[in-house]
Structure formats: structure tokens, C-alpha cells
Amino acid sequence: MRTTLALLALLAGCEQVELGGTYAYLDELVDPTGAVAGTDAVFMPLPRAGGVARLAPGAEEATVLDLGARRVERLQATPTGDVLARTVATLCDDETVTGTRIDDCPYDELRRVGFVQRLGREKATDTWQVGPWYGDFTFSADGRWAVAPIDPDVGTTGGGIVNLTSLLALDLGSGRRFEIPVGFAADRILFVEDEAGARSAVVLSRSAVAVVDLTADLPGVRITYPLTLDAGSPLSPRDVVLTPDGGHALVTVAGSTDLYVLDLQDPSINLVSLAGTPADLVVDPANDQTLLVYANRSLVEVLDHQLFDLREVTLARPANHIDLGPDYALLSQLGAGLDLVRLDLASLRTDTIRLNYPPDEVQLAPDGAFAVTLVRSGSQGDNLELVDLVLRDGRVRTTSTAFRLDGAPVGLAMTEIPDGMSLLVLQQGVDTLFELSWPLLGLATADLPGGPAALGRVGDGFWIAHDDPLGLVSFYTPGEDVVSLAGFGRTGLFDVDQLFVEEE
Amino acid sequence: MTISSSLLLAALAGCSSADSKDYERGGADYDTDVDAYEPDDGDTFTFDTAGGSPPETETDRLNLRPAQTEAYVFVANPERDTVTRIHVQTRDVRTVRVGHLPRVVAITPDYRRAVVFNRGDDSVSVIEAEKLQVDHVAVRDNLTNMVLAPGGAWAVLWHDPGAIRKGDPPVPPAASFHEVSLVHTETLAHVPLVVGFIPTAVRFTPDGRRAVVASDAQLAVVDLSLDVPTLELVDIADPLDPPLTEEIVLDPSGRWAFLRQRDRDVVAVVDLEQEIVGEVAVGADPTDLDLTPDGTRAVVVSRGAGEVTVLDVADPFAPPTVVPFPVGAGSLGAVLLGPDETGILYTTATAASRYATWDLTTQEIIAHPLVKPAQVVARTPTGDSLLVVHTRDDAPDGSTPVPYRGKDAISLVSLKDFRANTIALQAEPIGYANSRDGRRGYLVLEDTPLLAVLDYSSLIHTPLTLRSNAVFVGVLPDLDPSDGDQPPAWVSQEHSLGRISFYDPDASSLETITGFELNSAIEE
């Protein structure tokens, strides 16, 4: 009966259905924007059921993973294609309770515990119990280490005391877990890696930068660099990059014009005075230098990594974003400016391209031949511009090719084709996949079963998550038909939240 | 940057003012200076005889000489109670904690130790320069200054009125003003001694075996060759009414001490071995006393009489040679003696816009004009050039050219052909340093982010912009003149976390280290 009611509600276009005295909102059945792709499948959270659906190209149906009585909060993919789920479970501390449902346990006897689970084809292959107060992971490039700081927005202490200076480090290779005190309000993590893998993690926290040695049997803080000697005036580090040789960390601080140059091998600190508070910085490995731009200064500074001297290149207008191409940097002012500046990294010569619309996002083609700018719901609608960045007779074209879109761009991907590059463009509320070719600017389309919500790569093709309350994912390989999997959001629609029982 | 590879140390007091303070006593103001015997030493005596002629300021208050040179610069950070060691070539920075309020940093001549006087807790920190191992030695209360004996075995600390600074700890409830502390920099032994009443200067024999602590009525001769130094007091004046000792020099043998005393037209000559005090009459109003670089003659400038008196150190009581100033030379009250048997006579006490050259061989004195009156005159170590820091006030006779009126200025003067380049400045100079080869000088100005590089050959200056206001400047000696490389200069600047720049004159490059005080808080 309840199933019939639910279906009738759906047919009637209702967004809410009553289930056994409670209400389930249909937009809680699937979370298309929370989907991540692993090596060969897409994983999508099922918030209402608390589970995860695994969707593989070519599969006839989705697989809902068995995670026990745990509920998925979010998913993250490692650089090597593993997918980690942050899950929580609810325990009852009242041993006299014999029921299996959360409702059977007095409220003040309920306790949440957190987990990290590595997802396999049908279930979790590895599970670690971790506090639910940790934030998102940062992964080393080899996918071995996953490190997470405290999430300042998580209020739960699990009924205990949480060390707010703690950092969670998971060795996904050995399966070991560590909690390391690094400093208060840690929020940015960078790995120092060589051919053997990640050797240390550089962690930014309030007024300090800690270097965690990951090679020790018991990883711990090897060095702590202070950012100030005045405890009464704490500083918040904002961004960090590493020089290509891994010998120095360059740290910017909120509201400060100082760049902290931390020598990681021979511990010392040097401050470099910048022209302002950087809006963006990018390391140029080929020329062993770092580029910095400022939202309110019409210049880009170039910092060499030998003497840490600055050179200044004047711009016509400020830039707040840098994208690094093969031999140039593309400077833009997201959300505000119409200039794209191509900065030659060797000569520091600039070429300015004038856009038609101030971009919200800029993407460079993998080969650097062109850039795509996207405007979402600007004053003149949703737009896309293609900018040719190839030098011809030593110069670039100073104008772009603009396209008007019917909906806000929700996904953009590029793939190589025999004659150049193909852009896949998805627009909100538009049930069509647009494929724009570069440089010929040919246009092809493919019908989609629904409005797109997200786009990503999986295997040799792409996945598209749609705005469908019962779940809908399409797979597309250029030159082939779109294939979809649907309805997996029904899972757990009528399940009741279960108590978690810890294994002996 | 090409730097000589020898490993030496340079030291400076990083954060105290370059200005010498005046100590007022009995209506008189005077500065005191301490140094080992050194040719062409700059004394820093200033006095004001009430109702008498104005004092000369033969001062190197602007000249900060590093104790040693090459590889390292040591900077005291009084606000952090730390000392930072910076390797000039590699920019390696290391910071160690010392006592409270480090005030003076000195380096032993073997470059192995940095000795720090901590004004705030009456202690000395001895730092092993390579490994930065620090040892602390408590010394007597209420001491204000420190100097190392030649050889570096002993550090001598005493209450120097001229070294009192704003922010110094208050005088303790029970305080003596005529105690000294001797600290052995290797054994860390501490030997307290009582010397004459309110010592004004400390001098050493060149071999470092003896120190002479001068007071108005007595000289305390300290034998530093003993494991536990002893002293003998030599009376030099009536203890009930001694004249103020304003200047003292020791001859190289350490036998004779020559003193210039206030309101006395004589030079007191003390035989330190026989403990006999004699006097040699000089011209009226003696204003400067120096030894020639070879140590064979003592020279007294008598501004009032308009003459110089030359004593033979080997026979001080023999009739001296008196050289009158030529007519028109004007008022001259101080002398800088060069290595080439020449001297520069000048005055900083009167608004006279001139100086004079003096040939000690022919005794010829020739006057030369300056654009403005001088407040500091410095001669390069080779003796070929002068750096004159002028007063902001103009010559009262209206002779100051219009472009320099009412402005600070310096002049670079060639002593070969007496060409001069006068440079108007927007602020008062607060420090300078000259390279030992006489080719370069470096100048910094008050509240100005500028380093002026002075070329004494061309007399042309090059301004370099710093990132913040300069505080101190120094130049490392050239340990290998044959390699053709010029030694770098350094300039410390204002910054809450420490800033210092290094200038390579060969590459004309300026490299800056900022935030080195943070290094003291790096935890490993």
C-alpha cells in the first residue's frame, strides 16, 4: 500500500510522500552532486537510505553497497581511483534496549560514531573508525595517504573530548591510522613527495605551519614554523605551494603582504614583501618560479626560487586567477574583468585577449591550445567563450568566440579527437549533450534522458548525473550512444533507521 | 655573490641606537668610548666646559665597526632576548636565546666565540660560533658596557655612563658605580674587581695582557695574564678634587698612558710600570689626543692656542714639537691621523667650514674649504679619502651655497687632489661604514629606506632603496685582497621580525632576509 501511495505521489508530481508516519522528501533519495567516480564506476550517495549506489558503464543495473547500519555522509575519490566514504553510525549505550531501531533507544543514550570506508564492488573493503569531527581528506599523489583536519563546523564530540589540534592521517597502503597534534584550526595540507611517494605533509594551522614526517614508523610533527611571535595577534595562513624541488614551502597569510618562505630542509624562515595580499599564486615548475596576482594591483609578480627575488610585470588591469599552460600562464579576473592575459613564462611578455563577458570559470585545454570561459547567469545570460591561445607570428588573437547558452553550464569536459579537441557541454535544464569541436567549431548533440546535474570522467568515457529524484546516471563515450541507469534511488525508501552494533 | 671563503665573524649590536648618549655630571656633558689600541681610532669624547669653548666631537658614533668579518653577521635582538647568526654567503639563519636585553655583541679574534652582554639580567652569554652552544655567566649589577681584550680571552664590563639607554633596568637599591666584571670567554670564570671611582674608559695593551680602567683620580691597571687577574691602582690626581679625565691613550708597549683632562692645558703622562705621573704642557684648550698609527708619537690638538703638540712616546718628557696653525686656518680642534704620515685637522665645535691637511714630516698645514660645517669627519682606512658629514646648520658667514642651505649633507673628498662631491640629503645620516681597501663607503639615513653606496675613487654615490628604514650598516673586511673581490656590506633595517640586507658591490646586487627572528621559535 505504501509503495502504491509513493508511486501515485510521484505520478502526481508530489515532492513529498508519507511513509509510516514520517515524510520523505524525494530530493533526498539521491545526491547527484555528491557523486564521485572511481576507477571504473560512479558512486552516488543515497541520503534517505544512507547508502551508496555503484553504477558501472555497461552494467544493467546499479549495485547498492552493503555498509552495515552505517549512513554515508560524503564520498571522496583518491588520485588512484579508490573511493572513500565518510559514514556514521548510531549506537545505543543503554544495554537494556533490545530493539534494533534507533527509535527503540532513549534519545540521550544515542551516540554517533564515525567511519571511513573504502568502497568495493558490493561492500566496503576496508573500514576505519574515526571521529566524525574530521573534515575532507587531502590525498597524496600516489593515493597512499589521506589526511584530514578537524572540521570546524562539526559540533559533535561523540560524547567525549576532541583535541582541536588533531590531524587524522590514514595510511591507505598499510591500513594504519594516526591522529597527530599539529596546531589549532588546521585547514590546508600539502604533501612533499618524491619518487618513493609522500615523505611529509605540510599543514597550515593558525599562526604556524607544521611539517609531519610520514616516513617514520609513528608519523609525527618534525618541525613547526611560527608565523608570528605575537601570540596576541594570530595569523591565518591562506595558501601554500611547494617549490618544484620540494625544498621550500611558500605560504601566504590572510590580510598580509608577506610571503613566508619556509626552508623545509634547513629549517629557517624568510619573509618576502609582496605588492599586496595575493589573490592567487601558481608554481611554474619549468622555469622554477612562482607567479602571484593581486585583486587590486595591476601587476603580476614573478618570484624566482633561487634567491626569492621578485620581478614585476605590469598589467592593464588587475587579475585574480592564474591558470598554467605549457609555456604560458593565463591571467584572468574572475567575476569582474574582460581581460585574459597570456603571460609568456620565459620572456614574461604579455598578450591581452578581450572577452565579451566576465568569466566565472576558466579552463585550459590539456594541450594549452585554447581556453574556455564560462559565465553563469550573468547580466547577459549564460555564456561560453573559446579563446585561441596559439601563437601565430608571435602573437595571439585578441578576440574570442562567444556562444550563448540556454541554461547555466553545469559541466564541461574535454577529450581529444583526431582533429583536435572535443568539448562536452551540459546546461542546466537542457536535456541535450552538446559536443563542440576545436578548432573547427563543429557542433554535435546527443539526447539525454533528463536535465544534467553533474559531469565527470570514468574509464574511457564520461558520466552524467541527472536531476531525477529516483536516480538517473548516463554514460557517454564519444562516438557511441548514451546509456543510462535509472531508479536506483528507490533503495531504502521504506527502511527504518537501524541501530549500529559494534563488532566484538 | 662571490665571497671570500675564509670563515670569520662579524658582530654588531643589532638594535641599540647608534647615537652615543650624554652623561651629565657636575654640569658637564661628556661621552665616553672604549676600544683597544687601534691606529686612527675614533674617540667619542664630547664635553661642555661651562662658560668655556664648545666641545669637539671627534666621534665615530656613526661608524659601526664589526668586531670581525666574513661568513657571519651576528645580530642582537633585544626585544626577543635572542642573537641571530646569519651566514653572509648562504643566508643560513640560526637564532639562539641569550640573556635578557642583549646590548653588546663582540667576537673573539679567532672567530670561535660571540660574547653577548645582557643588560637586562646582568649576565654574559658566550656563544660557540659554529655549534651555537650558549653558556651564561652572571656578572655584577649595574654594568652598562662591555669590551673584549685583544686576543679575546677576557671580556671587561663596567658602568659606562655613555652607554646608558632608554629602557635600561632601574638602578638597583644597592648599586656600585666603580666595579668591573672580568669574564674569561673560554673558562667562563668571573672575576669582580673594584676600580677607581666612576670609571670613564677602558684601554688595553695590544697584546691584551693588561687593561687600564681610567677614572678621574686613578688608573686601575689590571693584569690579565694571570688566571685570576689582579689590579693595582695608580693615583693620577688629587682624589679630593680630580680633573675630569676626558681622553686616554696607551702606547703600544703598555708602559705609558697619556691623558687629556678637563680645564688643564697639559697632558698627563703616567708611567704604568713605575707608577709615576708627570705632565707635559701643551697649548691652551687641548681638545684632542691621539697616537700616530705607528705608536711613536702622541699628538695633542690645542684649539685655543691654534697649534698641535707632538710628544715622543719613547721619551714623553722631552721637549715636544709644537706646530702652529697657519694664519687663516681658523679654529681646528680635532685630528685624524693617517698611515702615511699625514693628518687631517678639523673642527666640529665651531661652525667653521674648513679642514686642514698636515704633513707630519714637513709639518706643513694647509687649509681647505668645506661647503658646510662638519659634525663628523672620517678617513678611509687607506687614508686616501674623507667622508664629511655636515651639520644641517649653515655656515654663519653665509658661505654655504644655496642648494645645501638648511639641509643635511655629506662630502666625499679625495685627499689626492682635494676634489670634493657634496651631496644634499633628505635626512640625517645615522651610520656609515668604509671598506678597508678604501674603495667603498656605505651610508644610511634616519627614518629612510636607503643605502647610499659611496665610491671614493669617483666620488660618486649610488642610492639603493631598502624595504624599510635602515638602522645599522657595516662592511666585511677583505681577507684576501689579491682575489679582486670586494667584500659585501650589510645593512639592518626596521622590521618587527628582523630584516637585514647584503650588498655585493661586485654584482651590484642587494639581497634581503626578513623575519629572521622567527627562526628562534622554530621547533624541531
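What you are looking at is a predicted structure, and each value in this text was computed from that prediction instead of being measured.

Draft legend 1. Seen up close, the overall build of chain B. Each helix and strand in chain B was counted, giving zero helices and 42 strands. A sequence separation of at least 24 residues applies to 48% of the contacts in chain B between residues at least 6 apart.

Draft legend 2. Local environment of the overall build of chain A. Within chain A, the secondary structure is distributed over one helix and 42 strands. Taking 504 residues into account, the globule formula puts the C-alpha radius of gyration at 23 Å, and chain A, at 25 Å, falls close to it. In terms of overall dimensions, chain A has C-alpha extents of about 75 × 55 × 40 Å along its principal axes. Burial statistics for chain A: of 504 residues in total, 40% are counted as buried. Residue pairs in contact within chain A that sit at least 24 positions apart in sequence constitute 41% of those at least 6 positions apart.

Draft legend 3. Examining the environment of Phe 137 of chain A more closely. All names here are of chain A. Relative to the helices and strands, Phe 137 resides in the loop between strand S10 (124-130) and strand S11 (138-139). Phe 137 sits in the buried class, given 20 other C-beta atoms within 10 Å. Along the chain, Phe 137 and Leu 170 lie 33 residues apart, while their C-alpha atoms are 9.3 Å from each other. Beyond its immediate stretch of four places on either side in the chain, Phe 137 contacts Gln 76, Leu 84, Ala 146, Val 147 and Ala 148.

Draft legend 4. Fine view of unusual backbone geometry. Pro 439 of chain A follows Trp 438 of chain A through a cis peptide bond whose omega is 5°. In this fold, Pro 439 of chain A is placed in the loop between strand S37 (432-438) and strand S38 (443-447). The backbone of Asn 142 of chain B shows a phi angle near 70°, a positive value even though the residue is not glycine. Here Asn 142 of chain B lies in the loop between strand S10 (134-138) and strand S11 (145-148). Even without a glycine there, the phi angle at Asp 263 of chain B is positive, about 60°. As for its position among the elements, Asp 263 of chain B is in the loop between strand S20 (256-261) and strand S21 (266-271).

Draft legend 5. Representation of the interface of chain B and chain A in the model. Contacts between the two partners involve 16 residues from chain B and, on the opposite side, 13 residues from chain A. A total of three residues in the side of chain B that touches chain A trace back to one element, the largest contributor, which is strand S42 (residues 509-514) of chain B. The class makeup of the residues in the side of chain B that touches chain A is six nonpolar, three polar and seven charged.

Draft legend 6. Just the confidence of the model for chain A, in detail. Averaged over all residues, the pLDDT of chain A is 89; the fraction at 70 or higher stands at 91%. Segment residues 1-14 of chain A: pLDDT under 50, and eight contacts once partners within four positions in sequence are set aside and those in other chains are kept.

Draft legend 7. Geometry of the pairing of strand S35 (residues 409-417) of chain A. Residues and elements named next belong to chain A. Bridge analysis of S35 against strand S36 (residues 420-427) gives eight bridges, and the strand direction is antiparallel. What sits directly across from Ile 417, in S36, is Gly 420. As consecutive antiparallel partners, S35 and S36 are separated by two residues.

Draft legend 8. Geometry of the pairing of strand S14 (residues 190-194) of chain B. All names here are of chain B. Sheet analysis places strand S13 (residues 179-184) next to S14, joined by five bridges and oriented antiparallel. Pairing of Leu 182 across the sheet is with Val 191, part of S14. Between S13 and S14, which pair antiparallel and follow one another directly, the connecting turn spans five residues, one of which, Leu 188, has a positive phi of 65°.

Draft legend 9. Inspection of the sheet that holds strand S12 (residues 154-158) of chain B at higher detail. Residues and elements named next belong to chain B. One open sheet accounts for four strands, arranged S11-S12-S13-S14; its pairing is antiparallel. With one partner strand each, in any of the chains shown, S11 and S14 form the two edges of the open sheet. In this sheet, neighbouring strand axes are inclined to one another by 20° on average, regardless of whether the strands run parallel or antiparallel. Pairing of S11 with S12 involves four bridges; the strand directions are antiparallel. Across the sheet, the residue bridging to Leu 148 is Ala 155, located in S12.

Draft legend 10. How the structure looks around the sheet that holds strand S33 (residues 408-414) of chain B. Residues and elements named next belong to chain B. The strand order across the open sheet formed by four strands is S31-S32-S33-S34, and the pairing between neighbours is antiparallel. Here the strands that pair on one side only, and so sit at the sheet edges, are strand S31 (374-379) and strand S34 (420-425). Strand-to-strand twist across the sheet, computed as the mean angle between neighbouring axes with direction ignored, equals 15°. Strand direction decides the pairing type here: strand S32 (residues 385-390) and S33, joined by five bridges, are antiparallel. If you follow Val 388 over to S33, its bridge partner there is Ser 411.

Draft legend 11. Local environment of the environment of Val 115 of chain B. Residues and elements named next belong to chain B. Considering the arrangement of structural elements, one finds Val 115 in strand S8 (residues 113-118). A count of 25 C-beta atoms within 10 Å places Val 115 in the buried class. Look past the residues within four positions of Val 115 in its chain and what remains in contact with it is Ala 106, Thr 108, Val 124, Val 126, Leu 148, Ala 155 and Thr 185.

Draft legend 12. The confidence of the model for chain B, seen in detail. Residues and elements named next belong to chain B. Scored by pLDDT, chain B comes out at a mean of 84, with 86% of its residues at no less than 70. pLDDT under 50 marks residues 1-52. Its contacts with residues more than four places away, or in other chains, come to 162 contacts. Of the regions scoring below 50 in pLDDT, residues 59-69 engages in 51 contacts with residues more than four places distant in sequence or in other chains. Among the prediction metrics, the complex's ipTM stands at 0.82, with pTM recorded as 0.80.

Draft legend 13. Quick peek at the environment of Val 96 of chain B. Residues and elements named next belong to chain B. Among the structural elements, Val 96 can be located in strand S6 (residues 93-97). Residue Val 96 is classed as partly exposed on the basis of its C-beta count, with 19 C-beta atoms lying within 10 Å. In this structure, the C-alpha to C-alpha distance between Val 96 and Val 83, residues 13 residues apart in sequence, is 5.5 Å. Beyond its immediate sequence surroundings of up to four residues, Val 96 is in contact with Thr 82, Val 83, Ile 127, Leu 132 and Val 134.

What counts and how
- Throughout this document, residue positions are counted from 1 along each chain, in the order its sequence is written.
- As they are written, the chains are lettered A onward and the ligands numbered 1 onward, keeping that order.
- A pLDDT threshold of at least 70 governs which residues receive local features in this predicted model, and a stricter bar of 80 or more applies before side-chain atom pairs are shown or counted, although totals over entire chains, interfaces and linings include all residues.
- We count a stretch as a helix when DSSP gives it H or I for four or more residues in a row; a strand needs E for two or more, and each element gets its number in order from the N terminus.
- By the convention adopted here, residues make contact when the C-beta atoms placed from their backbones lie within 7 Å.
- Each radius of gyration reported is based on C-alpha atoms, and the globular scaling rule is 2.2 Å times the count of residues to the power 0.38.
- Partly exposed residues are those falling between the two cut-offs: more than 12 but fewer than 20 other C-beta atoms within 10 Å of their own, whereas 20 or more means buried and 12 or fewer means exposed, with C-beta atoms placed from the backbone.
- Three residue categories are used. Nonpolar comprises Ala, Val, Leu, Ile, Met, Phe, Trp, Tyr, Cys and Pro, charged comprises Asp, Glu, Lys and Arg, and polar comprises the others, including Gly.
- The quantity known as pLDDT measures the predictor's confidence residue by residue, on a range of 0 to 100.
- A pair of strands is considered paired only if DSSP assigns at least 2 bridges between the two.
- Helix axes use the C-alpha atoms of the stretch in contact, all axes being lines fitted to C-alpha atoms, and the angles between their N-to-C directions lie in the range 0 to 180 degrees.

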